[in-house]
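Observations on the three-dimensional arrangement
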Amino acid sequence: SSMSKRWSFEGSGGWEEYSTQQHDAIHSAWIANRKEVLICICGNPQACFCGQQYRVDLKKMTQVSNNSGNIREVRPPIWARKELRITARKEKNLEKAIDLIKEDSEDFKAGEHVEAC
């Protein structure tokens, strides 16, 4: 199955999953409805020693490199989108729910949900 379990970013060779630590940071920020979150390769963005810091913009769904300014798309895993859709429905935030359903059906068409036989 190609269903991702963690948040992912669009790398040069397709979608790549973040590390568990990065995923947790991004997901916590997303659930808390924060606009953005800082992550890095060494896993300690507040006292980063690797110099590979990224700002994940949770409104634009992008990751921006603090070094190069390079922008990549990011996306939540399918289960998180389903979870959010339920929340959106509960809050009667239909616009958000409709957007997510639309995205899921586009993913479906793109074959993301195709299971290996």
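Summarised in this report is the structure supplied together with it. The structure displayed is predicted, hence computed values, not measured ones.

Another point: the overall build of the protein. For the protein, the helix and strand inventory stands at three helices and six strands. The linear arrangement of helices and strands in the protein, starting from the amino end, is β-β-α-β-β-β-β-α-α. For the protein, long-range pairs separated by at least 24 residues make up 36% of all intrachain contacts whose partners lie at least 6 apart in sequence. In the form shown here, the protein has an accessible surface area of approximately 7500 Å², with 52% of it arising from carbon and sulfur atoms.

For helix α1 (residues 20-31), which comprises twelve residues, the first-to-last C-alpha distance of 16 Å matches the rise-based estimate of 16 Å (1.5 Å per residue) to within 8%. All of the buried residues along α1 are Gln-22, His-23, Ile-26, His-27, Ala-29 and Trp-30. An end-on view of α1 places all buried positions within 160° of arc, on one side of the element. Facing away from the buried side of α1 by more than 90 degrees, the exposed set consists of Gln-21 and Ile-31. Within two residues after α1, Asn-33 carries a phi angle of roughly 60°, on the positive side.

Below, the discussion takes up the pattern of salt bridges. Should their charged atoms come close, side chains of opposite charge can pair. In total, this model carries three salt bridges according to the counting rule given. In this structure, the salt-bridge partner of Lys-35 is Asp-57, at a minimum N-O distance of 3.5 Å. Residue Lys-35 is located in the loop between α1 and β3 (36-40), and its partner Asp-57 is located in strand β4 (residues 53-57); the two are separated by 22 residues in the primary sequence. In this structure Lys-35 comes out as partly exposed when scored by relative accessible area, which is 47%.

The rules behind these values
Residues numbered from 1 in each chain as written. Predicted model: local features only at pLDDT ≥ 70, side-chain atom pairs only at ≥ 80, totals over all residues. Heavy atoms only, no water. Helix = DSSP H or I, 4+ residues; strand = E, 2+ residues; numbered from the N terminus. Contact = heavy atoms within 4.5 Å. Areas by Shrake-Rupley, 256 points an atom, 1.4 Å probe, with all protein chains shown as cover. Expected span 1.5 Å × (residues − 1). Buried < 20%, exposed > 50% of the residue type's maximum accessible area, 1.4 Å probe, protein only. Arc of directions from axis to C-beta. Salt bridge = Lys/Arg side-chain N within 4 Å of Asp/Glu carboxyl O.

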